[in-house]
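Remarks on the overall topology
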Amino acid sequence: MEAAHSLIETEPLVMPGKTYADVNNDVCKPLESFPKGKWYFCFTIAVMCFAVGVTLGVRLFQRGIGVWGLNHPVGWAIDITNFVFWIGIGHAGTLISAILFLFRQKWRTAINRSAEAMTIFAVMAAGMWPLIHTGRPWLAAFWLFPYPNQRELWVNFRSPLLWDVFAVSTYFTISLLFWYIGLIPDIASVRDRAKNKIRKVIYTILSFGWRGQGSHWNHYEMVYMILAGISTPLVLSVHSIVSFDFAVAIMPGWHTTIFPPYFVAGAVFSGFAMVLTLLIIIREVFNFKPYITMGHLEKMNKIMLLTGMIVGYAYILEFFIAWYSGSPSERAIFVNRATGPFAWAYWIMMTCNVITPQIFWFKNLRRSIPVMFIASLIINIGMWFERFVIIVTTLHRDFLPSSWDAYIPSLTDWGMTLGSFGFFFTVFLLFCRVLPTICMFEVKSVMKH
Amino acid sequence: MSTEKGLLAIFDCPDKLLEAVKKLRAAQYKKLETYTPFPIHGMEHALGLSRSWIPWVTFVMAMVGMTVAFGFETWTSAFDWPINIGGKPFISWPAFIPITFELAILLGGISTVVTLFYAIKLPCYKFKVLDERLTNDKFAVFICATDAQFDRERISSLMGESQVEEIKSID
């Protein structure tokens, strides 16, 4: 095995010269020292954005959904765009944790912890939107969950909107469990390093008493593999079910069987872009360059190139099928996307998603931090607009021309979108200070000693 | 280990620990436990541990989840209060599949995690940490004093052959 391995020249997963103890020291440092100016700066901005969202949200609940730009026929716009966007972001975390694990890709070990955390926070950010968009979220639980009641009413199990409830709840629960199980040995490491009494107590409780016994690792590894194994079909099914929100409807531009694989590929694409943005910042701020190496980032760029091309292929195929089908409404919708009132959003989407990832064919661009950072931001903007284009262009011009109307997002729409980003970054930044952002035990198991 | 009295042999490298465990097992020591910061490839085999039985629980509970989900959907939609929605049949099984699948996974996943905690008997805060470096960069094997072969000199010499760093006595 050794001989075969050395034939393929691979970069080391951890910079040479690091010992096991270094891993613990380096990764736990942000937990054990006071944050520096950089962290406070980012945190303040994030909290301010979140505060904007909360303020506007309170106003929304007081006055109703009318504060958004919604009308007839555009009953969904920014709300559902954000929902799909954030769920999509979450999928990259699960892919890195679960799918790369099943493919035995050792390089995932430096990035899976922050990616999984990103998933949890992204799903939280996503889950708010279906609740908020009901206008009266305090009633939402009654509408969504099948609980026995005096009216003997049940929910409609045949509706994709309800499938979403189960899919997203399951996704959140399983991702949380997977993340926490993965954290236990690392929390034990933090516990054993803790000098402060209160820290020791808190991390002792959180560690569940883990001590790294061989008999325990035996069961642990099996459970890790099981969770990875069930998370994989879960991630594929969740975004497929989210795509069914559109595909099951009969609207032109929505009612197409390409949606499930197209959405899943798009989710992985935008999710990796977000992970990349976060990792580039983390490795800089916390000095994790020996662990999150250029090799890791390059591999992620390759995955973005691949999924970006799948998404690009789906765009072209949709167009082709719209023409090939001969359906006048299908053809009209696609011409409308490219040339109608929302063409600006459409062309943002096309340049950001189809053209931008192509730069990653070139090795020097794949390995350049400024290039990949800007590319990841551009890709996320493009993917946000993709969902916006899908939802709004189909809704604002449906089958009946007399129903057509213009749609203009209001300031509340944009403000609450900003708020969801604020929420996401706030909780992520807090996570970075209290839990190890790199999976120490997995990195140690793949590094040379 | 219910009685935690014995010897803890600490190594600085997983390979040395693996070698030491194999030697101990060859010398008929049965009451062994390893303490490592990460799982070591080959250690379960060296310790004589059999494959974890947890996947069976996952499978059974996933099947239960699937059945409960499909059964509930069918009962509410076809028997308790059937409503004609879009002309779909009352037992519209294709439409029931997404939730069936999700609940299978949910129940399978939750039961797997709960079973893990049952199998490894955690959370448990009774036992103290034997050495703080064992979740960092040291690897150890604990030989319980109640083992039939327990003999301090013999253990020390066996561990010495595998370049043990330190042998701690745990009382």
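Residues numbered from 1 in each chain as written. Chains lettered and ligands numbered in written order. Predicted model: local features only at pLDDT ≥ 70, side-chain atom pairs only at ≥ 80, totals over all residues.

**Considering the overall build of chain B**
Selection rule: A run of H or I in DSSP counts as a helix once it spans at least four residues, and a run of E counts as a strand once it spans at least two, with each numbered from the N terminus. Put simply, a residue is buried when 20 or more other C-beta atoms lie within 10 Å of its own C-beta and exposed when 12 or fewer do; between those, it is partly exposed, and each C-beta is set from the backbone. A pair of residues counts as a contact when their C-beta atoms, built from backbone coordinates, are separated by no more than 7 Å.
The secondary structure content of chain B amounts to 5 helices and 4 strands. Its helices and strands taken in sequence order, chain B reads β-α-β-α-α-α-β-α-β from the N to the C terminus. Dimensions of chain B along its principal axes, counting C-alpha atoms only, are 80 × 30 × 30 Å. Counting across all 171 residues of chain B, residues that qualify as buried make up 40%. Considering only residue pairs separated by 6 or more positions, chain B has 80% of its internal contacts joining residues 24 or more positions apart.

**Here we look at the nonpolar core**
Threshold: For the purposes of this analysis, a nonpolar core is taken to be any set of buried Ala, Val, Leu, Ile, Met, Phe, Trp, Tyr and Cys residues that are connected through C-beta atoms within 7 Å.
Within the largest apolar cluster, 150 residues are counted, with the highest numbers of intra-cluster contacts made by Met118(A), Phe272(A) and Val275(A). Per element, the largest residue contribution to this core is 17 residues, and it comes from helix 7 (residues 160-193) of chain A. With residues near it in sequence (within four places) discarded, Val275(A) still touches Ala92(A), Ile96(A), Ile111(A), Ala115(A), Met118(A) and Met300(A). Counting 25 residues, the second-largest nonpolar core is a separate cluster that includes Ala46(B), Leu47(B), Phe142(B) and Ile143(B).

**Side note on unusual backbone geometry**
Between His72(A) and the following residue, Pro73(A), the backbone shows a cis peptide bond with an omega angle of 10 degrees. Along the chain, the position of Pro73(A) falls in the loop between helix 3 (37-63) and helix 4 (78-102). Cis peptide bonds are those with omega within 30 degrees of zero, and the linkage from Leu122(B) to Pro123(B) qualifies with 0 degrees. Structurally, Pro123(B) is set in the loop between helix 4 (93-120) and strand 3 (139-144). Phi is positive for Arg104(A), close to 55 degrees, though the residue is something other than glycine. In this structure, Arg104(A) sits in the loop between helix 4 and helix 5 (112-132). The residue Glu152(A) is not glycine, and still its phi comes out positive at about 55 degrees. Locating Glu152(A) in the fold gives a position in the loop between helix 6 (137-144) and helix 7.

**Digging into the interface of chain A and chain B**
It is common to give the size of an interface as the accessible area lost on bringing the parts into contact. This is how it is decided: Polar here means any residue other than Ala, Val, Leu, Ile, Met, Phe, Trp, Tyr, Cys and Pro, which are nonpolar, and Asp, Glu, Lys and Arg, which are charged; Gly is therefore polar.
Between chain A and chain B, the residue contacts involve 50 residues of the former and 52 residues of the latter. At 16 residues, helix 9 (residues 214-247) of chain A tops the list of elements feeding residues into the side of chain A that touches chain B. Here the residues of the side of chain A that touches chain B are counted per class, giving 25 nonpolar, 18 polar and 7 charged.

**Topic: the packing of helix 13 (residues 343-355) of chain A against helix 15 (residues 369-396) of chain A**
All names here are of chain A. As a reminder of what qualifies: Each axis is a line fitted through C-alpha atoms, taken for helices only over the stretch in contact, and angles between the N-to-C directions span 0 to 180 degrees. Put simply, angles under 35 degrees are roughly parallel, angles over 145 are roughly antiparallel, angles from 65 to 115 are roughly perpendicular, and the rest are oblique. Left-handed is the label given to a crossing in which the near helix is rotated counterclockwise from the far helix by less than a right angle, and right-handed is the label when the rotation is clockwise.
Between helix 13 and helix 15, the least distance of the axes is 8 Å, while the angle of their chain directions is 140 degrees. When the axes of helix 13 and helix 15 are compared, the pair comes out oblique. You can see that helix 13 and helix 15 cross each other, and the crossing is left-handed. Of helix 15, the residues touching helix 13 (which contributes Ala345, Tyr346, Ile348, Met349, Cys352 and Asn353) are Ile378, Ile379, Ile381, Gly382, Met383, Phe385, Glu386, Phe388 and Val389. Residues belonging to the contact of helix 13 with helix 15 are distributed by class as follows: 12 nonpolar, 2 polar and 1 charged.

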